[in-house]
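# Coordinate inspection notes
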Amino acid sequence: MYFKVNQMQRQVEIEPDRLGKDVWEDVQKELKMMVEGEFSHEFGMIVKVITIHPNSEPAAVKDHSGRCEFTVKFDALVYKLFENEVLLGTVTAVDSVSMLSSLKCCY
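Residues numbered from 1 in each chain as written. Predicted model: local features only at pLDDT ≥ 70, side-chain atom pairs only at ≥ 80, totals over all residues. Heavy atoms only, no water.

## As for unusual backbone geometry
Here is the rule: Where helices and strands are cited, they refer to DSSP runs of H or I of at least four residues and of E of at least two residues respectively, numbered from the N terminus. Residue exposure (1.4 Å probe, protein chains only): buried if accessible area is under 20% of the type maximum, exposed if over 50%, otherwise partly exposed.
A positive phi angle, close to 60°, is found at Q7, a residue other than glycine. Along the polypeptide, Q7 turns up in strand 1 (residues 2-14). Overall, the relative accessible area of 47% leaves Q7 in the partly exposed class.

What follows is the structure, encoded as structure tokens:
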């Protein structure tokens, strides 16, 4: 089942050479690359970042690398499976201990 999760939070690190006038765009791209497709036991599969909230906290500079660490809050579309949930899918592979399937989804 799909859910919208509000106010998720992640730490995003940006290399010093990417700091400049477009740093917020780089932070957004990095966040999407980090979390889209990630699985969380609490929320399920993060399918898509919907909204990224403007950053209100200053970035922290890492002493050992010079990278800047941004705390980014965002809303996301997640897909969570529940026990005994029935899904429509196609079996794509079978071995002696498991099977893989491709699920139809509409996002």
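Once the structure has been displayed, the description carries forward.
## Some points on the pattern of salt bridges
Counted only if it meets this: The working definition used for a salt bridge is a side-chain nitrogen of Lys or Arg within 4 Å of a carboxyl oxygen of Asp or Glu.
For the coordinates displayed, the defined rule picks out seven salt bridges. Between R10 and E38 there is a salt bridge, with its nearest N and O atoms 2.4 Å apart. Residue R10 is located in strand 1, and its partner E38 is located in the loop between helix 1 (23-35) and strand 2 (39-40); the two are separated by 28 residues in the primary sequence. Note on R10: relative accessible area 21%, which makes it partly exposed. Across the pair E30 and R18 runs a salt bridge, and its minimum N-O distance is 3.6 Å. Placement of the pair is E30 in helix 1 and R18 in the loop between strand 1 and helix 1, with a sequence separation of 12 residues. According to the relative accessible area criterion, R18 is partly exposed, its value standing at 30%.

## Section: the environment of E38
Applicable threshold: Here, residues are in contact when the closest pair of their heavy atoms is within 4.5 Å. In protein, a polar contact means a hydrogen-donor-capable atom and an acceptor-capable atom, both N or O and within 3.5 Å, with residues adjacent in sequence counting only if both atoms are side-chain atoms; elsewhere, any N or O pair within 3.5 Å suffices.
The class of E38 is partly exposed, set by a relative accessible area of 27%. C-alpha separation for the pair E38 and K73, spaced 35 residues apart in sequence, amounts to 16 Å. Ignoring sequence-local partners within four residues, the contact set of E38 consists of R10, G44, M45 and I46. Within the structure, E38 has its side chain in polar contact with the side chain of R10 (distance 2.4 Å).

## Things to note about the environment of V12
Position of V12 among the secondary structure elements: in strand 1. Distance from V12 to T90, taken between C-alpha atoms, is 36 Å for residues 78 residues apart in sequence. Discounting residues that sit within four places of it in the chain, V12 has contacts with V27, E30, L31, M34, C68, E69, F70 and V72.

## Some details on helix 1
The cut-off we apply is this: Between the first and last residue of a helix there are one fewer steps than residues, each counted as 1.5 Å, and that sum is the expected span.
Helix length check: helix 1, at 13 residues, gives a terminal C-alpha distance of 18 Å against a target of 18 Å (1.5 Å per residue), a fit within 8%. On its buried face, helix 1 is in contact with strand 1, strand 3 (44-52) and strand 5 (68-79). Remark: G37 follows helix 1 within two positions and exhibits a positive phi of approximately 95°.

## A closer look at the pairing of strand 6 (residues 89-94)
Successive side chains on a regular strand alternate, one facing one side of the sheet and the next facing the other. Inclusion rule: We call two strands paired when DSSP finds no fewer than two bridges between them.
Where strand 6 meets strand 7 (residues 99-103), five bridges bridge the pair, whose relative direction is antiparallel. Of the residues in strand 7, the one forming a bridge with T90 is S102. Here strand 6 hands over to strand 7 after four residues, the two strands then running antiparallel side by side.

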